[in-house]
Amino acid sequence: MGLFDSLRKMFAAPEPEAGPGPSAPPPALPHGVDYDDERVPSPARAKIAAIFAALDEVGTMMDREQVQAVSRTEIELMRDEHLPKLVKSYIDIPAAHRAEIFRKTGKSASFILEESLDTMKARIDEIARNLAQHDLDAFSSNAAFISRRYSDGDPFR
C-alpha cells in the first residue's frame, strides 16, 4: 500500500453500515451536471462516456503503479473539475445565444464542446500509454532475463 492510499484511507469518510434503512438520496452531481441532459448533443454524450471509461481504466492502472502525484492530480481534476465545468458551461448557454459563439469563432458551440472533449480524451490516452509503457518495459526486461538465464548457450548459468 502506497503513501497516497494510506492518506486516502486516513481522510476518507467512514464506510456506512450495511443493513436495511431508508434509501439514500441520489448522489450529488458534480457541479450540478447531468451528462445525459438533452441539451448535450448525442455525439458529445458518447465522448463523455468514453472519457469516463478511460478515466476508470487509468485509475485502475494508477492503483497498480507508483504514480507521480502530478499525474494522479491531473486525472482527478479532469474528472471532478474540468469535465463537469466544461459540460455545465455548454448547458448553461441559452439556446438563443449559441449562434454568437459561431459568429465569434466560426465554429458552433457543439463543435467546440466535442473538440474540447477530444482533447481531454487524447490526454487521458497519453497518460494511459505512459502507464502501460511501465508494464511493457517490465515484461520485456523479465523476458530478456529468462532468455539469458535459461538459454542453452549461456556460459554463466
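On a predicted model such as this, the values are computed, not experimentally measured, just so you know.

S.K.: Before we go on, may I ask you to explain a nonpolar patch on the surface in this structure?
M.R.: A cluster of nonpolar side chains, contributed by F145, I146 and Y150, occupies part of the molecular surface with about 320 Å² of accessible area. Mapped onto the elements, F145 comes out in helix α5 (residues 109–150). Looking at F145, the relative accessible area reads 42%, which means it is partly exposed.

S.K.: What is the right way to look at the environment of D135 in this model?
M.R.: Looking at where D135 falls in the secondary structure, it is placed in helix α5. Classification of D135 as partly exposed rests on a relative accessible area of 28%.

S.K.: For this particular structure, what's the right way to read the packing of aromatic side chains?
M.R.: For any pair of aromatic rings, the description rests on two quantities: the centre-to-centre distance and the angle between the ring planes. Taken as a whole and assessed by the stated rule, the structure comprises one aromatic pair. Seen from their ring centres, Y35 and F52 are 5.2 Å apart, and the 75° between their planes marks the pair as edge-to-face. On the criterion of sequence distance, the pair formed by Y35 in the loop between α1 (3–11) and α2 (42–64) and F52 in helix α2 is long-range, its members being 17 residues apart. Here Y35 falls in the buried class, since its relative accessible area comes to 14%. Judged by relative accessible area, which is 25%, F52 ranks as partly exposed. Over the aromatic face of Y90 sits the side chain of R98, whose NZ or CZ is 4.4 Å from the ring centroid. Across the ring face of Y150, the terminal group of R149 is positioned such that the distance to the ring centre comes to 5.4 Å.

S.K.: Sorry if this is basic, but what is going on with the confidence of the model for the protein chain here?
M.R.: Detail in the predicted coordinates should be disregarded across regions flagged by low pLDDT. When the pLDDT values of the protein chain are averaged, the result is 82; 75% of them are 70 or greater. Here α1 is the element of the protein chain with the lowest mean pLDDT, 55, and α2 is the one with the highest, 92.

S.K.: Help me out: how do you make sense of the nonpolar core in this one?
M.R.: In globular proteins that are soluble, nonpolar side chains generally tend to be buried together. Among the nonpolar cores identified, the biggest contains 25 residues, and V58, L83, V87 and I124 are the most heavily contacted of them. Looking at this core, the elements that each hand over two or more residues are α2, α3 (69–91) and α5. Beyond its immediate sequence surroundings of up to four residues, I124 is in contact with I51, A54, L55, V58, I75 and M78.

S.K.: Is there a simple way to think about the side chain of E114 in this case?
M.R.: With respect to the helices and strands, the residue E114 is situated in helix α5. Taking the relative accessible area as the measure of exposure, E114 reaches 17% and is therefore buried. Setting aside residues no more than four positions away along its own chain, E114 makes contact with P41, P43, A44 and K47.

S.K.: Please clarify how the pattern of salt bridges should be interpreted in this entry.
M.R.: Once their charged atoms are close, side chains differing in charge can pair, the charge on each being opposite to the other. This structure, assessed with the given rule, holds 11 salt bridges. R39 is the partner of D37 in a salt bridge, and the nearest nitrogen-oxygen pair spans 2.7 Å. Judged by relative accessible area, D37 falls into the buried class, the value being 13%. Here K47 makes a salt bridge to E114, at a shortest N to O gap of 3.7 Å. One end of the pair, K47, is in helix α2; the other, E114, is in helix α5, with 67 residues separating them in the sequence. Judged by relative accessible area, which is 23%, K47 ranks as partly exposed. One network of salt bridges, with partners in common, ties together K47, E114 and D118.

Reading the values: the criteria
Residues numbered from 1 in each chain as written. Predicted model: local features only at pLDDT ≥ 70, side-chain atom pairs only at ≥ 80, totals over all residues. Heavy atoms only, no water. Patch = residues over 30% accessible without salt bridge, like charges linked within 9 Å, V, L, I, M, F, W, Y side chains within 5 Å. Areas by Shrake-Rupley, 256 points an atom, 1.4 Å probe, with all protein chains shown as cover. Salt bridge = Lys/Arg side-chain N within 4 Å of Asp/Glu carboxyl O. Helix = DSSP H or I, 4+ residues; strand = E, 2+ residues; numbered from the N terminus. Buried < 20%, exposed > 50% of the residue type's maximum accessible area, 1.4 Å probe, protein only. Phe/Tyr/Trp six-rings, centres within 6.5 Å; stacked < 30°, edge-to-face > 60°. Lys NZ or Arg CZ within 6 Å of the ring centre and 35° of its normal. pLDDT = per-residue confidence, 0-100. Core = buried A, V, L, I, M, F, W, Y, C linked by side-chain atoms within 4.5 Å. Contact = heavy atoms within 4.5 Å.

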